[in-house]
Structure formats: C-alpha cells, structure tokens
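Reading the structure
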Amino acid sequence: MEETVEDPPTSAVLLDHCHFSQVIFNSVEKFYVPGGDVTCYYTLTQHFIPRRKDWIGIFRVGWKTTREYYTFMWVTLPVHLNSESAKQQEVQFKAYYLPKDDEYYQFCYVDQDGVVRGASIPFQFRPENEEDILVVTTQGEVEEIEQHNKELRKENQELKDSCVGLQQQNSDMQAELHKKKEELETLKGTNKELEQQLKVQKDHWETELLQLKEQNQKMSSENEKMAVRVDQLQAQLSTQEREMEKLVQGDQDKTEQLEHLRKENSQLLLTLAQQREHQKKLEQTVEEMKQEEAAAKKKQQQLTAPRSKKTAVEEQLVQEVERLKAKVEAGKACFLEKYKECQRLHRQIRQLRAAAQLEVKQDPKSQQEPMGMGSREPAVSSVIGMRTRACQKH
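Residues numbered from 1 in each chain as written. Predicted model: local features only at pLDDT ≥ 70, side-chain atom pairs only at ≥ 80, totals over all residues. Heavy atoms only, no water.

Thoughts on the overall build of the chain
The secondary structure content of the chain amounts to 5 helices and 9 strands. When the elements of the chain are put in sequence order from the N terminus, they spell out β-β-β-β-β-α-β-β-β-β-α-α-α-α. Counting across all 394 residues of the chain, residues that qualify as buried make up 25%. Of the contacts formed within the chain by residues at least 6 apart in sequence, a portion of 73% connects residues at least 24 apart. Approximately 28400 Å² of the chain is accessible, and the part contributed by carbon and sulfur atoms is 52%. (Helix = DSSP H or I, 4+ residues; strand = E, 2+ residues; numbered from the N terminus. Buried < 20%, exposed > 50% of the residue type's maximum accessible area, 1.4 Å probe, protein only. Contact = heavy atoms within 4.5 Å. Areas by Shrake-Rupley, 256 points an atom, 1.4 Å probe, with all protein chains shown as cover.)

Things to note about the packing of aromatic side chains
Applying the stated criterion to the full structure yields 20 aromatic pairs. Plain terms: the ring middles of Phe25 and Tyr42 are 6.2 Å apart, the flat faces sit at 55 degrees to each other, and that makes the pair tilted. Placement of Phe25 in strand β1 (residues 23–26) and of Tyr42 in strand β3 (residues 38–44) is noted, with a sequence separation of 17 residues between them. We classify Tyr42 as buried; its relative accessible area is 1%. (Phe/Tyr/Trp six-rings, centres within 6.5 Å; stacked < 30°, edge-to-face > 60°.)

Looking at the pairing of strand β8 (residues 116–119)
It is a general feature of regular strands that their side chains alternate between the two faces of the sheet. Relative to β8, strand β7 (residues 105–110) runs antiparallel, the two sharing 3 bridges. Bridged to Val110 within β8 is Val116. Hairpin connection between β7 and β8: a loop of 5 residues separates the two successive antiparallel strands, and Gly114 in this loop has a positive phi of roughly 85 degrees. (Pairing = 2+ DSSP bridges.)

A closer look at the sheet that holds β3
The antiparallel open sheet is built from 3 strands, whose spatial order is β1-β3-β6. Where the open sheet ends on each side, the last strands, each with one partner, are β1 and β6 (88–93). For this sheet, the mean angle separating the axes of adjacent strands, direction not counted, is 30 degrees. Sheet topology note: the β1/β3 ladder contains 4 bridges and is antiparallel. Counted as the bridge partner of Ile24 is Thr43 from β3. (Axes fitted to C-alpha atoms, helices over the stretch in contact; angles between N-to-C directions.)

Considerations on the pattern of salt bridges
Applying the stated rule across the entire model yields 9 salt bridges. Of the charged contacts in the structure, one is a salt bridge between Lys94 and Asp37, with a shortest N-O distance of 3.9 Å. Taken together, the residues Lys94 in the loop between β6 and β7 and Asp37 in the loop between β2 (31–32) and β3 connect sequence positions 57 residues apart. Residue Asp111 is joined to Arg117 by a salt bridge in which the shortest nitrogen-to-oxygen separation is 2.9 Å. Each member of the pair, Asp111 as well as Arg117, carries the same accessibility label: buried. Through salt bridges with shared partners, one network takes in Arg51, Asp111, Asp113 and Arg117. (Salt bridge = Lys/Arg side-chain N within 4 Å of Asp/Glu carboxyl O.)

Some remarks on a nonpolar patch on the surface
A cluster of nonpolar side chains, namely Met244, Leu247 and Val248, defines an oily patch on the protein surface of about 270 Å² accessible area. Along the chain, the position of Leu247 falls in helix α3 (residues 139–304). Given a relative accessible area of 53%, Leu247 falls into the exposed group. (Patch = residues over 30% accessible without salt bridge, like charges linked within 9 Å, V, L, I, M, F, W, Y side chains within 5 Å.)

Observations regarding the nonpolar core
The biggest cluster of nonpolar side chains holds 20 residues, and the ones touching the most others in it are Phe25, Tyr42, Ile56, Phe93, Phe107, Tyr109 and Phe125. Those elements that place two or more of their residues in this core are β1, β3, β4 (55–60), β6 and β7. With near-sequence residues (within four places) excluded, Phe93 lies in contact with Asp37, Val38, Cys40, Ile56, Ile58, Thr71, Phe72, Met73, Leu98 and Phe107. Membership of the second largest hydrophobic core comes to 9 residues, among which are Phe20, Trp63, Tyr69 and Phe72. (Core = buried A, V, L, I, M, F, W, Y, C linked by side-chain atoms within 4.5 Å.)

Some remarks on the sheet that holds β8
Judged by pairing direction, the sheet is antiparallel, and its 4 strands sit side by side in the order β5-β4-β7-β8 without closing on themselves. Sheet topology places β5 (69–74) and β8 at the edges, where each strand pairs with a single neighbour. Ignoring strand direction, the axes of neighbouring strands in this sheet form an average angle of 25 degrees. Where β4 lies against β7, 6 bridges are found, and the strand directions are antiparallel. Looking at the pairing, Trp55 lines up with Val110 of β7.

Following this line, the structure appears as structure tokens:
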C-alpha cells in the first residue's frame, strides 16, 4: 500500500454501516492495462454535498473498513454545486501507485468522516485481450480455464448478490432517511412551539423581574427610612436615658436631703420638747417668785407699819425685797423673751413643713417620704440653746 504525505480520514466502521448510493461511479472498465494511468468517473447525487477532505480510494474486494485502502486521491470540490457539471466529476490515478497483481479491486468514495458514500463494480489490472492470445494446448489447461471461469461466474454472482443487498440496504437507508426527515420536521415544529413558549415565558419572567426590581427599590427606600427612624429613636432613647439618670440622681439627692431633713426635724422636735419642759420650769419659777414677792410685800407692809422703829434688820429685809423684785422682773423679761422665741420657732416649723409638702407635691416619687426641716433649722436650734442658757444664768 502506497504511503502518502497526508493520510486520508478513515474509520473503523464496518461495511454494513456504509452508504453506497450517494456517489455513483460511471464507465468503470472490467480491467485496466498495467502501466497506464487510470481515470475514475463518478456522479454526485442531489442529496450529497462533498467536503474538502473527501477522497476516492482503490480497495481490494473483500475489504471491511476504510482503513484497508490500497491507494487514494483527494477529490476536487466543484465551484457550483447546483449545476449539472458539478455532479459529473473525475479523478486520475497515476500508474506508479496502481496495484501490480491481478486481484479484483473497486473504487470507493469516502467522506471526511471516514464513511463510504459510494462503491464501483469490481475490476482487474491485467493486459488487454489476454484471453485471446492464450493458446490452449492441452485438455488440462482447458479444464483449468473452465474451472477458473466457473469461479469467476460464482464470484460475479456473489458480487451481484452483494449489489442486490447493497441496493436493498440503500432502499432501507432511503426509507430511514425519509423517516428521519419526517422526525426532523416534527422536531422542528416542536422546537418552534417550544421557542414560542420560551418567548412567552421569557416575557413573563422579564415582567416579574421588573416588578421584583421595583419592589426591591421600594424595600430599599423603606429600609433607609427605617434606618433613619431607628437612628432618631436611638438618639431619643439616649437622651431619655441621660435624663433618667439625671432624675435618678436628683431623686437620690432629694432622698438624702429628705433623710437629712427628717433627722433635723427629729432633733428640732426633741429640742422643742426640751424647751417646753424648760418653759414649764420657768413658769414654775416665776410662780414661785410671784409667791415670794407677795410674801415679801406682806412682810414689807408688816415691817413698814411702824416706820419709827426701823432697825438694821428692816433695812436688810428691804434690800432683799428689792433684790427679789429685780429678780422677778428679770425672770418676767426672760420668760417674755423665751415665749416670743417659742412663737417664732413655731412659725418657722410651720413654714418649713409647708415648704416640704410643696416639694413633695412637685416630686410624686417622694410623696411617701416623711417631712423634714429646712437647712436653716440647726442655726435656730443653736439660738434657742444659747438663749435658754442665758435665762438660766439670770
């Protein structure tokens, strides 16, 4: 088998799967004279379109796959496929590449996929009129020739049967091709319907997508508004928390102040009770001093009746009475001053209680707290204590 610069495309597809009716070989001789070029004539059918890598090979009869070619030639693509001249093609094989034996061969058209599209009748490479120049000299040679002819007829019959089989296969392939065309038309119709459905579905999807985009924009705008509102609420909450802290701190301060006022009030009440007790004692002292004054006056009257008989004792008694009078007057003045001080303290206590009640009304949280005294009460208590001590000295 002749090696070429570029091997043709072949296939391992068996003979039964080939299509032999798409390319028809014309004017194929029974034999070709060795040593001369061979021209192969073929016709392209209307259902076949040649391609750049198609080729025609010479195969020995009995081949199974397109890999078993002896030699080949690339086909020439026609310029105009629809013209009549484009269907009639030819290719020439050089004598150097042709077989040298007397086996039977045939032309096969193979496409660029390695599939056979047409095959010729068998032929041989032998001298012209070889049978005419042979001289039969013996009966044995005649029998041998007859046996050879018998084999040739048998082989010819097998080739005819093979051709019938190929024609039947061609008919089957044509029917299958027609069926495939009908299926293709059906698929085209189905594909067209599917394309229409796809277009409708696509329009529907685009509408839904547009609606979703609008909803997404609305949701984004609402989210931004909500974020601004949340920021405002957080700012208000922070402000309220600070105000609440201030109120709590103020409540704690007021609680401490009320506790302090309650303690001062208790202290002032205790001081007031002591002052009342002291006032009672002073009243008793004044009463006693009045009684002493009355006794002194009576004694003075008794003593002053006989004025002519004054003695040193009388003078002493007179001085004692004067001293007691002065003491009674001082006690009266101290009692009056103490009484005025007590009245003033009572007025301050009432004012402080009224101020505490007003403050409690302004702060509802502290309504249950006990009333206390003002911040100036310790000074009042100290004044009361100082004046009490002054009266006791007198």
